[in-house]
Amino acid sequence: MEAPHLLEKREKKERREGLPELKNATKGKVVLRFAPNPNGPMSFGHARGMVINGSYAKEWDGEIILRFDDTDAVVKPPLPSAYEQIEREAEWLLGFKPHRIVIASERIPQYYQHAEDMLQRGFGYVCQCSGEVFREFRVSKTECPCRNNSERLNIELWNNMLDGTFKPGDAVVRVKTAMDLKNPALRDWPALRMQDTVQHPHPRPGIGSKYRVWPLLDFQSAVEDHLQGVTHIIRGKDLMDSTRKQTLLYQHFGWSYPETIYWGRVKVHEWGGFSTSQMRRDIESGEFSGWDDPRLPTLSALKKRGITASALRNFWIELGVTQKDISVPISSLFAHNIKCIDDDAPRLAFIREPCKVQLVGEHDGTVDVDVHPNHPTRGVRTFTMDQGPLWIEREDFEKQSIRLKGFADVSTTGEILTIDSFPRSDRRPIVHWAPDVNTKDATLIVAEDGEIHRIQGRMESHEYPVGTMVQLERIGYGRVLDDSTVVFTHA
RNA sequence: GCUCGUAUAGUGUAGUGGCCCAUCAUGAAGGACUCUCAUUCCUUCGACCCGGGUUCAAAUCCCGGUACGAGCACCA
C-alpha cells in the first residue's frame with residue numbers, strides 16, 4: 001500500500017520561529033488589546049502584554065488597543081501621570097503607536113447601558129446581600145433571595161444605586177449564571193458595585209465624583225471587548241476564570257467570545273516581588289528616587305539603565321506564550337541586550353580606583369586606539385602622550401608587568417612605568433589606561449542586589465550625547481547619563 | 001475545601017502518534033580570532049515528572065499519582 005502523506009510529512013522539520021500561529025485569524029482583521037491599570041507606569045511584566053499583543057497585531061496586520069482599566073478608585077487608584085507615560089512607553093516598546101486608546105472611566109455610560117439591558121432582559125439582578133452572606137450562598141450552592149427579583153424591581157433598585165439611595169456595600173449587580181455550577185468562581189458573579197467617590201474621587205479630571213456605580217473588571221472588560229470588536233485576547237492564566245465568567249455573559253447577550261490564549265507567571269530570579277501599589281508607596285515615602293530608580297523593575301528604570309526596546313521584545317517573544325510558570329535569570333535579558341548594542345557601542349576607558357603613574361622612555365606624541373575594534377571605519381580615539389601622568393586601575397598597578405592596551409609593554413616600579421617594548425613581546429595582561437589630560441573625574445552608577453553603588457574613577461573624555469550606549473573596556477556596557485556619569489547596564 | 005491549569009537539558013523553548021537515541025537559544029567547559037574579562041566563530045556537556053493503559057508505534061492520546069501555580073474580592 002502506498003502512503004504518500006507520510007512522505008510529504010518527512011520534509012518539514014524546521015523549528016517554528018517566533019510567536020505561535022493565531023487561531024481563527026484573518027490577515028488585516030485581527031484586533032487585540034492590552035489593558036493595564038494605570039495605577040503606575042509600566043513594569044517589566046506589563047511589557048509582556050504589550051509586546052506579545054502588539055507583535056501579533058503587527059504580524060497579522062491588525063490593530064492593538066491600549067485600554068486603561070481604571071475602574072477602581074479605592075483599592076488601586078489610578079495615577080494621573082500614568083496614562084500618558086504608559087502611552088509613551090507603549091510606543092517606545094513597540095516601535096509604533098497603539099492604534100486605539102480606550103479609557104474605561106470615560107465609557108461608564110456604555111457600561112450602564114449594558115447593565116440596564118441585562119436587568120431588563122432578566123439575566124442580571126441587583127443583590128443586596130453582603131459579601132459574607134453571599135459567600136455562604138456560593139459555597140452551599142443556594143440561590144440568594146434577590147435572585148428572584150422582578151425585572152421591574154431590579155430596575156428600581158438599580159436606580160437606587162445610581163441616585164445614592166444605596167451606599168457602597170448595600171448592593172451589587174450580579175450576572176445570573178447558575179448557583180450549582182461546578183466552579184464556585186462562576187456562580188452569579190458580581191458585575192458592578194458602588195464606590196464612595198466623594199471620599200475617594202477618581203483622579204481623572206471630569207470623572208472625579210461623577211459616578212457612584214462602577215463596573216468590575218469582568219463586566220467592563222467583557223463589554224468593552226465586544227464594543228471594540230476584539231478578536232483575540234492574550235492574557236495571564238490567572239484570568240482563566242475571567243474568560244469563563246465572561247463567556248457566560250456573552251451567551252446571555254448573544255455575542256461570541258474572542259479566541260483566548262494564556263501565559264503563565266514569570267519571575268525574575270534576581271528580583272523580589274514588586275507590586276505597583278507597593279512601589280508607589282515606597283517612591284512616595286522616598287525609599288526610591290522615582291519610577292525610574294535603577295533598582296526598580298519598571299520600564300522607565302530599565303530604559304534608563306540601557307535596556308533597549310528590541311532586547312525586551314526579543315526576550316518576551318522568545319519566552320513565548322506557554323502556560324508554564326517560569327523563573328528566568330536576568331542575564332537572559334542581558335544576553336539579548338548585548339546582541340542589540342555591542343555593534344554600536346563605542347569603546348571607552350573608565351578607570352576604577354585610579355592610580356596615577358608616570359611613563360618613562362621614548363615614545364610618540366600620540367596614541368590612537370579604535371573607537372570600535374570591529375569597525376575600523378568608525379575612527380580612533382587619540383590619547384595625548386605629553387610628559388603628563390597616566391591612569392591605570394589599582395588592580396593593574398599591583399602587577400609587575402602589563403601591556404597598556406594599544407600602546408606598549410611596560411614594567412611597573414612604584415609609580416614609574418618603564419617602557420619595555422612597543423610591539424607585544426610576551427603574554428603579559430593587557431590593561432586599559434588613559435593619560436590624565438584625556439580624562440576627567442567620573443562616576444559609574446551600578447544598581448545591584450537592590451542597592452546603588454556609585455563608583456568614582458577617571459573616565460576618558462567624550463562628547464557622546466545622553467543616552468548613548470558605550471562599552472567601558474574590561475568592565476561592561478553602560479549608558480551615558482552626562483559627560484561624567486555612566487549608568488552600568490550589564491557586563 | 002471546591003474549581004481550573006501546567007509538567008522536555010541548569011534556565012527558557014520547538015515538538016500535537018512514526019521525521020526524535022528529541023530543536024533552538026542561553027549557560028557551563030574547552031578552543032579559534034582579537035592589543036578589552038567585549039563581539040564573532042568552532043567543539044563538548046546536558047532533558048521528555050512517576051506509574052499504568054491504548055497502539056505495530058507515545059515526549060505526543062487515556063487513566064492514576066506527584067509537584068508546582070492560579071481562581072473562588074463589592075481589586076485589576
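Residues numbered from 1 in each chain as written. Chains lettered and ligands numbered in written order. Predicted model: local features only at pLDDT ≥ 70, side-chain atom pairs only at ≥ 80, totals over all residues. Heavy atoms only, no water.

Attention now moves to the overall build of chain A. The secondary structure content of chain A amounts to 13 helices and 27 strands. Over its C-alpha atoms chain A spans a radius of gyration of 31 Å, topping by over 25% the 23 Å that the globule rule assigns to 491 residues. With respect to the three principal axes, the spread of C-alpha positions in chain A is 100 × 80 × 35 Å. The buried share among the 491 residues of chain A stands at 51%. The long-range fraction of contacts in chain A, counting pairs at least 24 apart against all pairs at least 6 apart in sequence, stands at 69%. Carbon and sulfur atoms form 49% of the exposed surface of chain A, whose accessible area is close to 24100 Å². (Helix = DSSP H or I, 4+ residues; strand = E, 2+ residues; numbered from the N terminus. Rg over C-alpha atoms; globule rule 2.2 N^0.38 Å. Buried < 20%, exposed > 50% of the residue type's maximum accessible area, 1.4 Å probe, protein only. Contact = heavy atoms within 4.5 Å. Areas by Shrake-Rupley, 256 points an atom, 1.4 Å probe, with all protein chains shown as cover.)

Tallied over the entire structure, the rule returns 16 aromatic pairs. Judged by centre distance (4.9 Å) and plane angle (45°), the ring pair of Phe 44 and Trp 316 falls under tilted. Placement of Phe 44 in helix H2 (residues 44-59) and of Trp 316 in helix H11 (residues 309-319) is noted, with a sequence separation of 272 residues between them. Residue class for Trp 316 comes out buried when judged on its relative accessible area of 1%. With a centroid separation of 5.1 Å and an interplanar angle of 75°, the aromatic rings of Phe 383 and Trp 433 are classed as edge-to-face. You can see Phe 383 sitting in strand S16 (residues 380-384) and its partner Trp 433 sitting in the loop between strand S21 (430-431) and strand S22 (434-435), a full 50 residues away along the chain. (Phe/Tyr/Trp six-rings, centres within 6.5 Å; stacked < 30°, edge-to-face > 60°.)

Let us look at the domain arrangement of chain A. On domain assignment, one finds that chain A holds domain 1 (107-215) and domain 2 (347-490). Here the C-alpha centroids of domain 1 and domain 2 sit 67 Å apart. (Domains from an automatic or database assignment.)

Close contacts around RNA strand B come from 59 residues, with Arg 15, Lys 76, Arg 138, Arg 403 and Tyr 477 the closest. The sugar-phosphate share of atoms of RNA strand B within 4 Å of the protein amounts to 70%. Arg 15 has a polar side-chain atom sitting 2.4 Å from a base oxygen of RNA strand B. Cys 129 is positioned such that a nitrogen or oxygen atom in its backbone is 3.5 Å from a base nitrogen of RNA strand B. Listed by contribution, the elements that provide at least two residues to the surface near RNA strand B are helix H1 (4-11), helix H5 (131-140), strand S6 (190-194), helix H8 (240-253), H11, strand S11 (326-328) and helix H12 (331-341). (Near = heavy atom within 4 Å. Polar contact = N/O pair within 3.5 Å; in protein donor to acceptor, adjacent residues only side chain to side chain.)

Another aspect to go through is the sheet that holds strand S12 (residues 347-348). Here we have seven strands laid out as an open sheet, ordered S12-S25-S26-S27-S23-S24-S13, and mixed in their pairing. A single partner strand is all that each edge strand has here, and the edge strands are S12 and strand S13 (350-352). Two elements, S12 and strand S25 (residues 469-472), share two bridges in a ladder whose sense is parallel. Residue Arg 347 lies in a different strand from S25, and its bridge partner there is Gln 471. Running at roughly 125° to strand S27 (residues 485-490), H12 makes contact with S25, strand S26 (476-482) and S27 of the sheet. (Pairing = 2+ DSSP bridges. Axes fitted to C-alpha atoms, helices over the stretch in contact; angles between N-to-C directions.)

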